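# Descriptive structure summary
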Amino acid sequence: MSGVQTITVGQDEGEMRLDRWLKKRFPQLSQGAVEKMCRTGQLRVDGGRVKAATRIEPGQEVRVPPLPDAQPVPAKPRPIGPRLTDSDAQMIQSAVLWKDEHIIALNKPPGLPSQGGSGLGGRHVDGLTEALMFGFKDRPKLVHRLDKDTSGVLLLARTDRVARALSEAFRSRTTRKIYWAAVAGVPHPRMGTVRYGLVKGGGGRGDNEKMIAVHPRDIDTTEGAKRATTDYAVLDALATRASWCALVPITGRTHQLRAHMAELGHPIVGDGKYGGSGQENLGDGWGAQLGGEISKKLHLHARSLSFDHPITKKRVTLTAPLPEHMQRTWKLLGWHENDVPDDPFAEAE
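As the structure is a prediction and not an experimental result, all values here were calculated from the model.

### Examining the overall build of the protein
- Counting secondary structure elements, the protein contains 8 helices and 16 strands.
- By the burial criterion, 48% of the 349 residues in the protein qualify as buried.
- A separation of at least 24 residues holds for 65% of the contacts in the protein among residues at least 6 apart in sequence.
- Total accessible area computed for the protein in this model is approximately 17500 Å², and 47% of it derives from carbon and sulfur atoms.

Printed below as a string of structure tokens:
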């Protein structure tokens, strides 16, 4: 018979039901025994009475009454799966932009899909989350996604509760995402809103699918068309050849920013799908390739993301540095990150 024990809930044990947590440490306990200890007040969390189904949080202290032949079962370290190489683990860990006990934010590299899918292969953020557990018992979960070739801020939730809250925040549009892009030509006016609808054009799924823009007056009569809204602002320009734009997707449709900028006649640099890989932009023109030394990779980056933290309730704003190919382009064109406002749309309001 053991004496009274006080056990602190570990960082990787949050959100577990009390009965499951207890039986994991003391396998000889039956469900009936756990419920009786709760009913009689012998089992307590932070000094208070609890039920078997109570969810525990990291750092809480659990008072466990004397148990017959009770030996705690040490937690087994979770091995990294055979498909996760050391180099992939280091790569995704180096992409961590910010984290706390509830959320992990990545600066997703370009070329890495958010999730697996048709034609995307097996290497994607969702498949590398085992390297992002950092002592928690479960893998973090994606709550939104970025296109394969788009870089920037990507959120993962460390618990189901936080995942649900963040997913709802994206659905209700209480988050604010600002993208940076280099586009062909210079949009006129230099600040505006695109309201073209989008409809799937076939030719693949997910990242491989192409969206077709639909004039606002035709959305209601076009089968499958969905309304889409994008705010844009020109931050800087290189004569009439190219411009640096801030883009805010008010809605969240597939390829929305790429399709909308192409519809304006100013496709995002490096966008072979919507800009035409063989078309060069010779000034105020349509092609997505600027030629010269500028990389032909997509120049679209999720620069910042603001959201209300589901637990602390504080507003959090995260900013991701540009990927290498965009840094080279910015340097070549003489554009400087510190010369523009964090949110150019706020000044216009």
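Picking up after the structure, the text goes on.
### Quick look at the sheet that holds strand β1 (residues 5-8)
- The strand order β1-β4-β2-β3 describes an open sheet built from 4 strands, whose pairing is antiparallel. With partners counted over all chains shown, the strands left at the sheet margins are β1 and β3 (48-49), one partner each.
- Bridge analysis of β1 against strand β4 (residues 61-64) gives 4 bridges, and the strand direction is antiparallel. Paired with Thr-6 across the two strands is Arg-63, which belongs to β4.

### Some words on the packing of helix α1 (residues 18-25) against helix α2 (residues 31-39)
- Axis separation between α1 and α2 bottoms out at 10 Å; the angle between their running directions is 120°. Between α1 and α2, the crossing angle belongs to the class labelled oblique. The chirality of how α1 crosses α2 is right-handed. Two secondary-structure elements touch here, α1 through Leu-18, Asp-19, Leu-22 and Lys-23 and α2 through Gln-31, Val-34, Met-37 and Cys-38.
- Of the residues in the contact of α1 with α2, the class split is 5 nonpolar, 1 polar and 2 charged.

### Some remarks on the pattern of salt bridges
- The full count for this structure, using the stated rule, is 15 salt bridges.
- Notably, a salt bridge pairs Arg-145 with Asp-147, separated by 4.0 Å at the nearest N-O pair.
- Among the charged side chains, a salt-bridge network with shared partners connects Arg-145, Asp-147, Arg-258 and Asp-271.

### As for the environment of Ile-294
- Structurally, the position occupied by Ile-294 is in the loop between α6 (272-275) and β15 (300-308).
- Overall, Ile-294 belongs to the buried group, its relative accessible area being 12%.
- Along the backbone, Ile-294 and Met-326 are 32 residues apart, and their C-alpha atoms lie at a distance of 8.8 Å.
- The contact partners of Ile-294, leaving out residues within four places of it in the chain, are Val-269, His-299, Thr-329, Leu-332 and Leu-333.

### Quick notes on the packing of aromatic side chains
- The final tally for this structure, using the stated rule, is 4 aromatic pairs.
- Ring centres 5.1 Å apart and planes at 85° place the aromatic pair Trp-330 and Trp-335 in the edge-to-face group.
- For Trp-330, a relative accessible area of 2% translates into the label buried.
- One Lys or Arg, Lys-99, reaches over the ring of Phe-134 and ends 4.8 Å from the middle of that ring.
- If you follow Arg-158 out to its NZ or CZ, it ends over the ring of Phe-136, 4.0 Å from the centre.

### Focus on a positive patch on the surface
- Together, Arg-173, Lys-200, Lys-226 and Arg-253 line one region of the surface with positive charge.
- Its place among the elements puts Arg-173 in the loop between α4 (160-171) and β9 (176-184).

### Concerning helix α7 (residues 324-333)
- Looking at α7, one finds that the buried residues are His-325, Met-326, Thr-329, Trp-330 and Leu-333. Viewed along the axis of α7, the buried residues span an arc of 135°, placing them on a single side of the element. Facing away from the buried side of α7 by more than 90 degrees, the exposed set consists of Glu-324 and Lys-331.
- Close packing links the buried residues of α7 with β9, β13 (230-238), β14 (242-249) and β15.
- Of the residues one or two after α7, Gly-334 is the one with positive phi, at around 80°.

### Some details on empty space enclosed by the protein
- In total, this model carries 3 cavities of 30 Å³ or more according to the counting rule given.
- As a volume, the largest cavity reaches approximately 80 Å³.
- Along its surface, the largest cavity is lined by Gly-14, Glu-15, Glu-57, Pro-58, Glu-101, His-102, Phe-136, Thr-159, Arg-161, Val-162 and Ile-311.
- In terms of residue class, the lining of the largest cavity is built from 4 nonpolar, 3 polar and 4 charged.

### Comments concerning the layout of surface pockets
- By volume, the largest pocket is sized at about 900 Å³.
- In this structure, the largest pocket is lined by 32 residues; those nearest its centre are Lys-177, Thr-251, Gly-252, Arg-253 and Thr-254.
- Among the elements of the structure, α4, β9, β11 (197-200), β14 and α5 (256-263) are those that each provide at least two residues to the lining of the largest pocket.

### Section: the environment of Pro-187
- In this fold, Pro-187 is placed in the loop between β9 and β10 (191-194).
- For Pro-187 and Met-261, which are 74 residues apart along the polypeptide, the C-alpha to C-alpha distance reads 8.8 Å.
- Dropping the residues within four chain positions of it, Pro-187 is found in contact with Tyr-232, Val-234, Ser-243, Cys-245, Met-261 and His-266.

### Overview of the side chain of Arg-158
- Along the chain, the position of Arg-158 falls in the loop between β8 (151-157) and α4.
- At 5.8 Å, Asp-100 is the nearest oppositely charged side chain to Arg-158, a buried residue that forms no salt bridge.
- Non-local contacts of Arg-158, meaning those with residues more than four positions away in its chain, are made with Lys-99, Asp-100, Glu-101, His-102, Ile-103, Ile-104, Met-133, Phe-134, Phe-136, Pro-140 and Lys-141.

Reading the values: rules and limits
Residues numbered from 1 in each chain as written. Predicted model: local features only at pLDDT ≥ 70, side-chain atom pairs only at ≥ 80, totals over all residues. Heavy atoms only, no water. Helix = DSSP H or I, 4+ residues; strand = E, 2+ residues; numbered from the N terminus. Buried < 20%, exposed > 50% of the residue type's maximum accessible area, 1.4 Å probe, protein only. Contact = heavy atoms within 4.5 Å. Areas by Shrake-Rupley, 256 points an atom, 1.4 Å probe, with all protein chains shown as cover. Pairing = 2+ DSSP bridges. Axes fitted to C-alpha atoms, helices over the stretch in contact; angles between N-to-C directions. Parallel < 35°, antiparallel > 145°, perpendicular 65-115°, else oblique. Left-handed = near helix turned anticlockwise from the far one by under 90°. Nonpolar A, V, L, I, M, F, W, Y, C, P; charged D, E, K, R; others polar. Salt bridge = Lys/Arg side-chain N within 4 Å of Asp/Glu carboxyl O. Phe/Tyr/Trp six-rings, centres within 6.5 Å; stacked < 30°, edge-to-face > 60°. Lys NZ or Arg CZ within 6 Å of the ring centre and 35° of its normal. Patch = residues over 30% accessible without salt bridge, like charges linked within 9 Å, V, L, I, M, F, W, Y side chains within 5 Å. Lys, Arg positive; Asp, Glu negative; His and termini not counted. Charge placed at Lys NZ, Arg CZ, Asp CG, Glu CD. Arc of directions from axis to C-beta. 1 Å grid on protein atoms, 1.4 Å probe; cavity = no way out; pocket = protein on both sides within 12 Å on 5 of 7 lines; lining within 4 Å. Points joined across faces, edges and corners; volume = space filled by probe spheres on them.

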